[in-house]
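# A structural walkthrough
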Amino acid sequence: MSPTNTTLLVIDVQKGLDDNTPFHGGHRNNPQVEHAISTLLTLFRTRNLPIFHVKHNSRDPSSTLHPSHPGNAIFPFAAPSPSRPIDEPLYEKSVHSAFIGTSLEADLHARGITRLFVCGFTSNMCVNMTVRMAENLGFEVFVIEDACATFDRVGPDGVLTRAEDVHAYAMSDLHGEFCSVIKASNVQGLLGN
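Throughout what follows, the structure given in this document is the object of discussion. Please read these numbers as outputs of a predicted model, since none were measured by experiment.

Scoring rules and cut-offs
- Residues numbered from 1 in each chain as written.
- Predicted model: local features only at pLDDT ≥ 70, side-chain atom pairs only at ≥ 80, totals over all residues.
- Heavy atoms only, no water.
- Helix = DSSP H or I, 4+ residues; strand = E, 2+ residues; numbered from the N terminus.
- Expected span 1.5 Å × (residues − 1).
- Buried < 20%, exposed > 50% of the residue type's maximum accessible area, 1.4 Å probe, protein only.
- Contact = heavy atoms within 4.5 Å.
- Disulfide = S-S within 2.5 Å.
- Arc of directions from axis to C-beta.
- Salt bridge = Lys/Arg side-chain N within 4 Å of Asp/Glu carboxyl O.
- Pairing = 2+ DSSP bridges.
- Right-handed = clockwise from strand over helix to strand, strands pointing away.

### Points about helix 1 (residues 33–46)
Counted at 1.5 Å a residue, the expected span for helix 1 with its 14 residues is 20 Å, and the 20 Å between its end C-alpha atoms agrees. Among the residues of helix 1, Val33, Glu34, Ala36, Ile37, Leu40, Leu41, Leu43 and Phe44 are the ones counted as buried. Buried residues along helix 1 sit against strand 1 (6–11), strand 2 (51–56), strand 4 (115–121), strand 5 (140–149) and helix 5 (184–191). Just past helix 1, the residue asparagine 48 takes up positive phi, approximately 55°.

Structure follows, in structure tokens:
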């Protein structure tokens, strides 16, 4: 795998998706997700590889991700590096897919990027939708499952599904059909020397 056609796509790593956020379901799986994402950011920056950042601007005024709320802000550890403005662009969206209403697809193609390593929030929503579209658009996609997280969900039957199960279902739905689901520890080997 050539690193020159590779990027890290960091989706919605925002304060409003912190653990125990009631708006999004309370309990979040993967308490180590911030550490995993931080480690990936360091790896890509050290190798001078591009990192494409995505931020969700909810249209729902009651959402913690609405631009009027402090939760809309990107966690400082995951913010684009000001010293790499060309290599760490930020795309703002108001729907689940990072490809809708943004120049993400065109910008990836313009840079010759064909392989995406994806991490962020939430496994079953914006990560899921973006990955599905990326594969449909012809990109080779790797989802870093321990660098993604989601929340508890209540189904239409009123039954609570734990975040760990929601995450596992999302990963199993994606793997083999839309992407390869991998661990953060696999990324360095896949990038090569």
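### Focus: the state of the cysteines
Tallied over the entire structure, the rule returns zero disulfides. There is no disulfide at cysteine 148, and the cysteine sulfur nearest it, in cysteine 119, is 6.4 Å away. With no disulfide of its own, cysteine 179 lies 9.2 Å from the sulfur of cysteine 148, the closest cysteine sulfur.

### Comments concerning helix 4 (residues 163–174)
Along its twelve residues, helix 4 runs 17 Å from first to last C-alpha, staying within 8% of the 16 Å computed at 1.5 Å per residue. Regarding helix 4, the residues found buried are Ala163, Val166, His167, Ala170, Met171 and Leu174. Down the axis of helix 4, the buried side of the element spans an arc of 130°, and every buried residue falls inside it. Close packing links the buried residues of helix 4 with helix 3 (126–136), strand 5, strand 6 (153–154), strand 7 (160–161) and strand 8 (180–182).

### Observations concerning the pattern of salt bridges
Per the counting criterion, the structure on display carries eight salt bridges. Among the salt bridges present, the one from arginine 28 reaches glutamate 34, with a minimum N-O distance of 3.0 Å. Judged on exposure class, the residue arginine 28 and its partner glutamate 34 are both buried. A salt bridge links arginine 115 to glutamate 140, with the shortest nitrogen-to-oxygen separation between them at 2.4 Å. Of the two residues, arginine 115 is situated in strand 4 and glutamate 140 in strand 5; the sequence distance between them amounts to 25 residues. We classify glutamate 140 as partly exposed; its relative accessible area is 35%.

### A look at the pairing of strand 5
In terms of residue burial, strand 5 counts as a mostly covered element, since eight of its ten residues are buried. Both strand 4 and strand 5 contribute to a ladder of six bridges, which runs parallel. Within strand 5, the position partnered with valine 118 by the bridge is valine 143. The handedness of the strand 4 to strand 5 crossover, carried by helix 3, is right-handed. Strand direction decides the pairing type here: strand 5 and strand 8, joined by three bridges, are parallel. Counted as the bridge partner of isoleucine 144 is isoleucine 182 from strand 8.

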